Amino acid sequence: MNTEIIQVRDLKRTYQTDEGMFRRKKKTVEALQGISFSVQEGEIFGLLGPNGAGKTTTIKILTTMLTPTSGEVRILGLDPVTEFKKLRMQINLILGGERNLYWRLSAHDNLAYFADLYKVPRHVQKTRIPELLALVGLTEVAHRRVETFSKGMKQKLQIARGLINEPRILFLDEPTIGLDPVSARQLRDILHELKRQGTTILLTTHYMPEADELCDRIAFINKGLITILDTPGALKKRIDQISVVACSITGITGEELKQIAAHPSIVHLQVEQPDPLQLLRIQTRSPQELVMELYRIAGTLRLTNLSIATPTLEDVYIQMIGGDAS
């Protein structure tokens with residue numbers, strides 16, 4: 001039987017901001033409007049949404065960094081507001097970017113420092129630190145200063161830092177942001193291994209393929225509300241009546257683009273414009289009819305790289321939330 005290791009019920013968070021020319025007026029902002037979800041032990045749970053949706057606010061509340069306005073939260077059976085000292089020893093947080101490391105220290109010394117903060121005994125550190133460096137592939141550079149590391153190496157070290165206290169739950173806020181594809185791939189491999197070892201992971205990310213690959217379940221959050229929660233496979237089945245037509249059109253005019261957009265089968269039209277070649281990605285209920293219309297408007301010489309595919313998680317995101325998934 002699966003154990004709910006994180007329980008969130010009707011969680012709200014509001015704050016006030018100054019506005020007006022002289023900043024004399026107060027405006028109440030609802031960062032979270034009453035979200036509810038649970039995370040099962042051993043799963044990777046994804047929290048996805050646009051900037052300002054409430055992802056980081058949620059992470060901060062769950063990791064004891066922010067007090068909720070109302071609602072109930074239980075992490076490992078503990079209240080993160082009143083029992084934060086007990087909870088902090090059993091969880092850890094990893095942020096995207098290059099923060100939370102001491103650049104003038106070596107990778108080994110960074111881990112030793114944080115191990116001392118978590119009161120990890122020195123005799124345990126002697127085995128745990130080398131094991132973590134090996135896990136993230138930094139053994140050979142263990143005694144190099146972090147300031148000499150690439151972004152990918154720094155983020156790998158942050159993963160190791162986040163595991164120094166052997167947390168039961170690892171919170172990751174956009175862990176692969178700004179990384180090159182190879183480094184991002186290596187970090188995803190590490191997360192797969194952590195899941196295999198039984199670590200529960202709550203992940204926020206803007207990268208839909210990453211969420212599709214990693215997450216057992218995903219919650220879409222927008223404007224402080226969870227709009228949908230399901231497995232990646234089930235989410236994609238929600239729009240399985242839609243196909244995605246992708247193509248390139250050379251020198252398309254604004255009038256031609258309006259003609260395409262007016263086709264009744266189109267659910268969503270996404271256009272990139274690296275002139276003179278426009279790249280179109282179109283969600284449609286009738287791909288055959290749409291393709292015929294594209295050829296009628298653009299002709300065989302201007303229309304290239306045409307493909308028809310099933311929807312991805314990004315397509316689900318765009319339909320459910322709208323806008324650009326990145």
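Provided above is the structure to which this section pertains.
Conventions we followed
- Residues numbered from 1 in each chain as written.
- Predicted model: local features only at pLDDT ≥ 70, side-chain atom pairs only at ≥ 80, totals over all residues.
- Heavy atoms only, no water.
- Pairing = 2+ DSSP bridges.
- Helix = DSSP H or I, 4+ residues; strand = E, 2+ residues; numbered from the N terminus.
- Axes fitted to C-alpha atoms, helices over the stretch in contact; angles between N-to-C directions.
- Phe/Tyr/Trp six-rings, centres within 6.5 Å; stacked < 30°, edge-to-face > 60°.
- Buried < 20%, exposed > 50% of the residue type's maximum accessible area, 1.4 Å probe, protein only.
- Lys NZ or Arg CZ within 6 Å of the ring centre and 35° of its normal.
- Patch = residues over 30% accessible without salt bridge, like charges linked within 9 Å, V, L, I, M, F, W, Y side chains within 5 Å.
- Areas by Shrake-Rupley, 256 points an atom, 1.4 Å probe, with all protein chains shown as cover.
- Salt bridge = Lys/Arg side-chain N within 4 Å of Asp/Glu carboxyl O.

## Description of the sheet that holds strand β12 (residues 277-284)
In step 1: The strand order across the open sheet formed by four strands is β11-β12-β10-β13, and the pairing between neighbours is antiparallel. In this open sheet, the two strands that pair with only one neighbour each are β11 (266-272) and β13 (303-309). Averaged over all neighbouring strand pairs, the angle between strand axes comes to 15°, with direction disregarded.
In step 2: Pairing analysis gives eight bridges linking strand β10 (residues 243-250) to β12, with the strands arranged antiparallel. The partner of Ser243 across the bridge, within β12, is Thr284.

## A word on the packing of aromatic side chains
In step 1: For the coordinates displayed, the defined rule picks out five aromatic pairs.
In step 2: Ring geometry for Phe37 and Phe45: centres 5.3 Å apart, planes at 15°, overall stacked.
In step 3: With relative accessibility at 4%, the residue Phe37 sits in the buried group.
In step 4: Centroid distance Tyr113 to Phe114: 5.3 Å. Interplanar angle 75°. Geometry classified as edge-to-face.
In step 5: Assessed through its relative accessible area of 35%, Tyr113 is described here as partly exposed.
In step 6: Cation over ring: Lys154 sits above Trp103, and NZ or CZ is 3.5 Å from the ring centre.
In step 7: The ring of Phe114 has Arg161 sitting right over it, with the charged end atom 5.5 Å from the ring centre.

## What to know about the environment of Phe220
In step 1: Here Phe220 is to be found in strand β8 (residues 217-222).
In step 2: Overall, Phe220 belongs to the buried group, its relative accessible area being 1%.
In step 3: For the pair formed by Phe220 and Phe37, sequence separation is 183 residues and the distance between their alpha carbons is 11 Å.

## Quick notes on a nonpolar patch on the surface
In step 1: A contiguous nonpolar surface patch, about 370 Å² in accessible area, is contributed by Tyr102, Leu105, Tyr113 and Leu117.
In step 2: Structurally, the position occupied by Tyr102 is in the loop between β5 (91-95) and α3 (107-117).

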